[in-house]
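What the coordinates show
This is what each chain is made of:
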Amino acid sequence: MLKLPGLIDPHVHFRDPGQTHKEDWDSGTASALAGGVTMVLAMPNTKPPIFDQATLDLALEAARRKARCDYAQYLGAGPENAAEAARLAPRAAALKMYLDSTFGQLRLDDMTLWLEHFRQWPGKTPIVTHSESRSMAAALWMAHMFDKPIHIAHISLREEVLLIRAAKEHGVKVTCEVCPHHLFLMQPAPSSAPSFGDHGAGPGGGRTEVRPRLATQADVDALWANLDVIDCFATDHAPHTLAEKDGENPPPGFPGVETLLPLLLTAVHDGRISLDQLIEKTITNPRRIFNLPEQPQTWVEVDEKAEYEIKASELHSRCGWTPFEGWKVTGKVTKVVLRGREAFKEGQILVEPGFGRNVRD
Ligand code: DOR
Ligand code: ZN
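Here the structure is a predicted model, which means the values were calculated and not measured. (Residues numbered from 1 in each chain as written. Chains lettered and ligands numbered in written order. Predicted model: local features only at pLDDT ≥ 70, side-chain atom pairs only at ≥ 80, totals over all residues. Heavy atoms only, no water.)

1. Some words on the site of ligand 1
For clarity, the cut-off: Proximity is defined per residue: any heavy atom of the residue falling within 4 Å of a molecule or strand makes that residue near it. Here a polar contact is recorded for every N or O atom pair within 3.5 Å, except that within protein the pair must consist of a potential hydrogen donor and a potential acceptor, and residues adjacent in sequence are included only if both atoms are side-chain atoms. Method for areas: the Shrake-Rupley scheme with a 1.4 Å probe, in which residue coverage is limited to the protein chains shown. Residue polarity is assigned by list, with Asp, Glu, Lys and Arg as charged and Ala, Val, Leu, Ile, Met, Phe, Trp, Tyr, Cys and Pro as nonpolar; anything else, Gly included, falls into the polar class.
Close contacts around ligand 1 come from 14 residues, with R15, N45, T102, R211 and H240 the closest. Within the contact set of ligand 1, an oxygen atom lies 2.9 Å away from a side-chain nitrogen or oxygen of N45. Notes on ligand 1: free accessible area 290 Å², of which the protein chains cover 100%. Counted by class, the shell around ligand 1 contains 4 nonpolar, 7 polar and 3 charged residues.

2. Describing the confidence of the model for the protein
Inclusion rule: Per-residue confidence from the predictor is reported as pLDDT, which spans 0 to 100. Contact between two residues is taken to exist if any of their heavy atoms lie within 4.5 Å; hydrogens are not considered.
Across the protein, the average pLDDT comes to 95, with 96% of residues at 70 or higher. When the criterion is pLDDT under 50, residues 193-203 qualifies, and its contacts beyond four places in sequence or with other chains add up to 21 contacts.

3. Details of the environment of V178
Counted only if it meets this: Secondary structure counts use DSSP, requiring at least four H or I residues in a row for a helix and at least two E residues in a row for a strand, with both numbered from the N terminus. With a 1.4 Å probe rolled over the protein chains alone, any residue whose accessible area is under 20% of its type maximum counts as buried; one over 50% counts as exposed, and the rest are partly exposed.
Relative to the helices and strands, V178 resides in strand β9 (residues 174-178). Given the relative accessible area of 0%, V178 is considered buried. Through-space distance from the C-alpha of V178 to that of G104 is 21 Å; in sequence the pair is 74 residues apart. Excluding residues within four positions of it along the chain, V178 makes contact with I155, L183, L223, I230, C232, F233 and A234.

4. Brief notes about the sheet that holds strand β2 (residues 7-12)
Keep this limit in mind: Any two strands with at least two DSSP bridges between them are considered paired. Structural elements are reduced to axes, namely lines fitted to C-alpha atoms, with helices fitted over the stretch in contact, and the angle between N-to-C directions of any two is expressed from 0 to 180 degrees.
Read from one edge of the open sheet, 3 strands run β2-β3-β4, paired in parallel fashion. Looking at which strands have only one partner, the edges of the open sheet turn out to be β2 and β4 (70-73). Between one strand axis and the next, the sheet turns by 15 degrees as a mean value, whatever way the strands run. As paired strands, β2 and strand β3 (residues 37-42) are joined by 4 bridges and run parallel to one another. Bridging across to β3, V12 finds its partner in A42.

5. Observations concerning the coordination of the zinc ion (ligand 2)
Our working definition: Water is not among the atoms examined, so metal sites may look incomplete; donors are the N, O and S atoms within 2.8 Å of the metal, or within 3.2 Å for Na, K and Ca.
Here the zinc ion (ligand 2) is held by the protein donor atoms H11 (NE2), H13 (NE2) and D236 (OD), which lie 2.0 to 2.1 Å from it. Each donor residue of the zinc ion (ligand 2) belongs to the same chain, and together they define the spacing H-x1-H-x222-D. Take H11 and H13: they sit in the same class, and that class is buried.

6. What about helix α4 (residues 111-120)?
Note the threshold: Throughout, the arc means that of the directions going from the helix axis to the C-beta atoms.
Three or more residues of α4 are buried, namely W114, H117 and F118. Along the axis of α4, the buried residues cluster in a sector spanning 100 degrees; they form a single face. Those residues of α4 hidden inside the fold are in contact with α3 (82-88), β6 (95-98), β7 (127-130), α5 (134-146) and β8 (150-152).

7. Notes on the sheet that holds β8
As summarised here, the arrangement of the 6 strands in space is β5-β6-β7-β8-β9-β10, forming an open sheet in which the pairing is parallel. The outermost strands of the open sheet, each flanked by one partner alone, are β5 (75-76) and β10 (232-233). Relative to β8, β7 is paired through 3 bridges, and the arrangement is parallel. Across the sheet, T129 pairs through a bridge with I152, a residue of β8. Running at roughly 165 degrees to β6, α4 makes contact with β6, β7 and β8 of the sheet.

8. Digging into the pairing of β2
Every regular strand shows the same layout, with side chains that alternate between the two sheet faces. Condition: Orienting the strands away from the viewer, one traces the path from the first strand over the helix to the second; a clockwise path indicates a right-handed crossover.
Most of β2 sits inside the fold, with 6 of its 6 residues counted as buried. The handedness of the β2 to β3 crossover, carried by helix α1 (residues 25-34), is right-handed.

9. What to know about the packing of helix α10 (residues 260-269) against helix α11 (residues 275-289)
Defined as follows: Roughly parallel refers to an angle under 35 degrees, roughly antiparallel to one over 145, roughly perpendicular to one between 65 and 115, and oblique to any angle outside these ranges. By convention, the crossing between two helices is left-handed when the near helix turns anticlockwise from the far helix through less than a right angle, and right-handed when the turn is clockwise.
The geometry of α10 relative to α11 is characterised by a closest axis approach of 9 Å and an angle of 150 degrees between their N-to-C directions. The pairing of α10 with α11 is recorded here as roughly antiparallel in orientation. Classified by chirality, the crossing of α11 by α10 is right-handed. Here L261, L264, L265 and V268 of α10 come into contact with α11, specifically with L275, L278 and T282.

10. Details of α10
Burial of α10 is extensive: 8 of the 10 residues sit out of reach of the surface. Note on α10: the residue one or two positions beyond its end, G271, has a positive phi of about 75 degrees.

11. A short note on the environment of T266
Its location among the elements puts T266 in helix α10. Through-space distance from the C-alpha of T266 to that of K305 is 9.5 Å; in sequence the pair is 39 residues apart. Setting aside chain neighbours within four positions, we find T266 in contact with K328, V329 and T330.

Next up, the structure:
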């Protein structure tokens, strides 16, 4: 039996308020606990988006009633809310800026709008950007200009990880995260059925849609080769129902909060990462980067030798599918203790909605 501190996932989408048929604070945090994640930072691209005091209150009230694990809520950077976001910063996980296209309406195209946020955000927590390739380079430059910490969400490309390495060497206050799906999955082959690496055929069509897109073998290799530059493993848990994924205009996004730890434990088992790296990138670094409190009397028990198959039917997310269906993993979460309470044991969630605490309170 292996005992780990509770994991922190700094990037989840719980769809609450507004699209709770995909996920809500209850099902999302149940899924987190079953995956050994005891703290989540929730993204603001809900309906409505979370960008001012009224919408922040709305999300936090839903979380207060329903969350089973600890949490904080992001604010979204909009065209006119730089001053209000800065004022609300102490209550927020951090500020999220969408600079490239994705799910929801929060994208900021005009770079003068980015400027206002970089100027005004207090900087005790980072500005987290969804920024790919060249927009990432522009965001890095703005962070450097205003001497503010920036955290690049879900990097996926070789050029991104190498640019971040160079920026760190030049003293830019940059940190970054990578998602399991960008480490373990690749872009579908152009002609035939999508390939999900050597783990067998994966789902097709809309089930491969995610932003940033799944990348090439060269990109995936570069992420693994530059793990020392990557500060966090984060899931970008982005649940959409199977009907939506298999329907017309499938929305992008993969669920992931419950499969993070088994996939990483399997990478430890296979000798691809060390247990120290796992702990650093899922606990120590996110805690430091996002200025999060320690969770007393909180741990995760894992049977590192247990082999099992990932099955959506056994996961707790409301979305009903996983891109890792049928994957054989080594390392199973057997028990989670959160602030002294048994929260998960042998497949059962044991804490009620509302047990989770807002770590920014
Ligand atoms: O694939 C994605 N889905 N990428 C994002 O950035 C957003 C997410 C979502 O909210 O569904
Ligand atoms: Zn996201």
